[in-house]
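Close look at the chain arrangement
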Amino acid sequence: MCENYETHSRVKEKEAQSEVYKNRVIYSLPVRAGYWSNELAIREQLEASYNYKKDHCQLLIQKTGKMFRNLLRPTLLSPESTNIGFNKSYQIRSYGLSQTNACGTQTLQPLYLSAVITEREIEHTQHLIHGCVLTASPSGTPCVRNTFVFVRCDFQKDTGMMNYGDDVYIQIVESGGEPLYVQCENSTMDTFGQHLGLRLSQSPDIYCRFKIFHWKPELRAETRGTFVLNDAFIIIQHTASGHNLATEFHNWMPTFFGSECVISCHTFRDTHKMETSENLWRISGRERSDLRQLQIAGQKVDTDKSCEK
């Protein structure tokens, strides 16, 4: 009984296939030739478009490579000194992430304030521009994207020492055009209730001003007006909002340089109303022992200049 049923179902299936084959659409020879000509024209157009973009460096892989060359170009940090000065190159690094090494001891991996170009911006620019996002990167190699200069609010070009409590602009060391400054975004209807983000801005307004304070609250009044110490824990406070620059260790975002930590203007406090490690930063220049890195960076800069000529 089962065998008869299977045989009958196979016959029905073959009859259905035969009916579909009889009712198939049969194209004439001119129609086939037109289809082939259309496919050939499309392929030729795609190939011509690819060659044009390749010759004019408009391919995404070419734009990405150019962006890497521009943003990862080595920079020379200011020599190590006791105090932080204006118009000198520094790196701004956070307190760091706690890690356990192979020996079982706890170490801190610092994160460096850095600028990135998003997947939308890379289509029309490969340099840092107005509106670029700021993150905290695990990579600490001094380069264009993570080197900053502290500028007076009156834009004087002297290299005097920076004091605790003074309003300053934080300018990234290089850009594709006008100088770019770290700006805390103003809250909008879309971002209301969220932590304020940080971007680069070419307009140094009130939202670009920051103040440096001692990390201990009991010493802030005492140290106000004194020189900011090199490589010491500090609080970077946004003047307009009163919030502190913070590294959100629990919030990471994908970038062209890998996963990097989100930066915001928000004061994280513990149960004792004390700022937590998310708000702790250090400003540091070039270490005296790092001579090899200095030589490599100097050779790279000389090579870039000779290529430009």
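Because the structure is a prediction, the values reported are computed rather than measured.

Here we look at the packing of aromatic side chains
Taken as a whole and judged by the stated rule, the model has five aromatic pairs. Ring plane angle 55 degrees and centroid distance 5.6 Å describe the contact between Tyr169 and Tyr181, whose orientation is recorded as tilted. Here Tyr169 is found in strand S7 (residues 167-172), whereas its partner Tyr181 is found in strand S8 (residues 181-184), with twelve residues between them in sequence. Accessibility assignment for this pair places Tyr169 and Tyr181 in one class, buried. Between Trp215 and Phe233, the ring centres sit 6.3 Å apart and the planes meet at 65 degrees, which makes this aromatic pair edge-to-face. In this pair, Trp215 is assigned in the loop between strand S10 (209-214) and helix H4 (220-223) and Phe233 in the loop between H4 and strand S11 (234-238), connecting sequence segments 18 residues apart. Note on Phe233: relative accessible area 23%, which makes it partly exposed. Every member of this aromatic cluster is reached through a ring pair, and the members are Tyr95, Trp215 and Phe233. Here the guanidinium or amino end of Arg145 rests over the ring plane of Phe257, the centre of that ring lying 3.9 Å away. Here Arg282 stacks its cationic end above the ring of Phe233, 4.1 Å away from the centre of that ring.

Describing the confidence of the model for the chain
A residue-level look at the chain finds 84% of positions with pLDDT of 70 or above and a mean pLDDT of 83. The model gives residues 305-309 a pLDDT under 50, and that stretch makes zero contacts with residues more than four places away or in other chains.

Describing the environment of Val116
Locating Val116 in the fold gives a position in strand S4 (residues 112-116). Exposure remark for Val116: the relative accessible area of 2% places this residue in the buried category. Sequence separation of Val116 and Leu200 is 84 residues, and the distance between their C-alpha atoms is 9.9 Å. Residue contacts for Val116: discarding those within four places in its chain leaves Glu121, Cys132, Val133, Thr135, Arg145, Thr255, Phe257 and Glu260.

Cut-off values and rules
Residues numbered from 1 in each chain as written. Predicted model: local features only at pLDDT ≥ 70, side-chain atom pairs only at ≥ 80, totals over all residues. Heavy atoms only, no water. Phe/Tyr/Trp six-rings, centres within 6.5 Å; stacked < 30°, edge-to-face > 60°. Helix = DSSP H or I, 4+ residues; strand = E, 2+ residues; numbered from the N terminus. Buried < 20%, exposed > 50% of the residue type's maximum accessible area, 1.4 Å probe, protein only. Lys NZ or Arg CZ within 6 Å of the ring centre and 35° of its normal. pLDDT = per-residue confidence, 0-100. Contact = heavy atoms within 4.5 Å.

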